[in-house]
Amino acid sequence: QVQLVESGGGLVQAGGSLRLSCTASGRTFSTYVMGWFRQAPGKDREFVATIDWSGGRTYYANSVKGRFTISRDNAKNTVYLQMNSLKPEDTAVYYCAASRGAATSPNEYDYWGQGTQVTVSS
């Protein structure tokens, strides 16, 4: 069982930056692929980024590539999402999730955090 808690969301102007954190309980964090997803009002949950267990491989949605960076610190049981050059269309609730294998579909993730709101004003 893995419990995930996100933090770092907030209100920021367009062009600004935020860093989200997701801290996991348990001693098996380093064995999970971690992902970030987001969900805007009235829309489906969408993939943002994923990182493998070692941190050596990352993959991004086209909409955030070059602006967002996912990273992890297994010693701290934490995964991060650095978000730069934010746009109003990035406004959503952001969720971190854990999976046993590489995946971009929410259905492939076993554990989810409660989400953190990111609002980008124009």
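Residues numbered from 1 in each chain as written. Predicted model: local features only at pLDDT ≥ 70, side-chain atom pairs only at ≥ 80, totals over all residues. Heavy atoms only, no water.

Peer 1: Please set out the sheet that holds strand β3 (residues 18-24) residue by residue, giving values where relevant.
Peer 2: Taken in spatial order, the four strands make up an open sheet running β1-β3-β8-β7, and their pairing is antiparallel. Where the open sheet ends on each side, the last strands, each with one partner, are β1 (4-7) and β7 (68-73). The mean inter-strand angle of the sheet, taken between neighbouring strand axes irrespective of direction, is 15°. Here six bridges tie β7 to strand β8 (residues 78-83), and the two strands are oriented antiparallel to one another. Counterpart to R72 in the pairing with β8 is V79. (Pairing = 2+ DSSP bridges. Helix = DSSP H or I, 4+ residues; strand = E, 2+ residues; numbered from the N terminus. Axes fitted to C-alpha atoms, helices over the stretch in contact; angles between N-to-C directions.)

Peer 1: So what's going on with the environment of L4? Which residues, and what values?
Peer 2: Relative to the helices and strands, L4 is located in strand β1. By relative accessible area, L4 is classed as buried at 6%. Sequence separation between L4 and A98 is 94 residues; the distance between their C-alpha atoms is 8.4 Å. Setting aside residues no more than four positions away along its own chain, L4 makes contact with C22, T23, A24, M34, C96, A97, A98, Y111, W112, G113 and Q114. (Buried < 20%, exposed > 50% of the residue type's maximum accessible area, 1.4 Å probe, protein only. Contact = heavy atoms within 4.5 Å.)

Peer 1: Quick rundown of the packing of aromatic side chains? Include the residues and the values.
Peer 2: By the definition in use, this model includes seven aromatic pairs. Their ring planes at 55° and their centres at 5.1 Å tell us that F37 and W112 sit as a pair that is tilted. Of this pair, F37 sits in strand β4 (residues 33-39) while W112 is found in strand β10 (residues 111-112), placing the two residues 75 residues apart along the sequence. Ring pairs connect the aromatic residues F37, F47, Y59, Y95, Y109 and W112, which therefore count as one cluster. R45 extends its terminal NZ or CZ atom over the ring of W112, reaching a point 4.7 Å from the ring centre. A cation over a ring is seen here: R100 above Y32, with NZ or CZ 4.1 Å from the ring centre. (Phe/Tyr/Trp six-rings, centres within 6.5 Å; stacked < 30°, edge-to-face > 60°. Lys NZ or Arg CZ within 6 Å of the ring centre and 35° of its normal.)

Peer 1: Tell me about the pattern of salt bridges, and name the residues and values.
Peer 2: Per the stated rule, a full pass over the model turns up three salt bridges. Notably, a salt bridge pairs D90 with R38, separated by 2.9 Å at the nearest N-O pair. Highlighted residues: D90 in the loop between β8 and β9 (92-99) and R38 in strand β4, separated in sequence by 52 residues. For the pair D90 and R38, a shared accessibility class is recorded, and that class is buried. Salt bridges linked by common partners bring R38, E46, R67 and D90 together as one network. (Salt bridge = Lys/Arg side-chain N within 4 Å of Asp/Glu carboxyl O.)

Peer 1: Tell me what's going on with the side chain of E6, and back it up with residues and numbers.
Peer 2: With respect to the helices and strands, the residue E6 is situated in strand β1. Although buried, E6 forms no salt bridge, and the nearest oppositely charged side chain, R45, lies 7.5 Å from it. Among the polar contacts listed, one links the side chain of E6 to the backbone nitrogen of C96, at a separation of 2.9 Å. At 3.0 Å, the side chain of E6 and the backbone nitrogen of Q114 are in polar contact. (Lys, Arg positive; Asp, Glu negative; His and termini not counted. Polar contact = N/O pair within 3.5 Å; in protein donor to acceptor, adjacent residues only side chain to side chain.)

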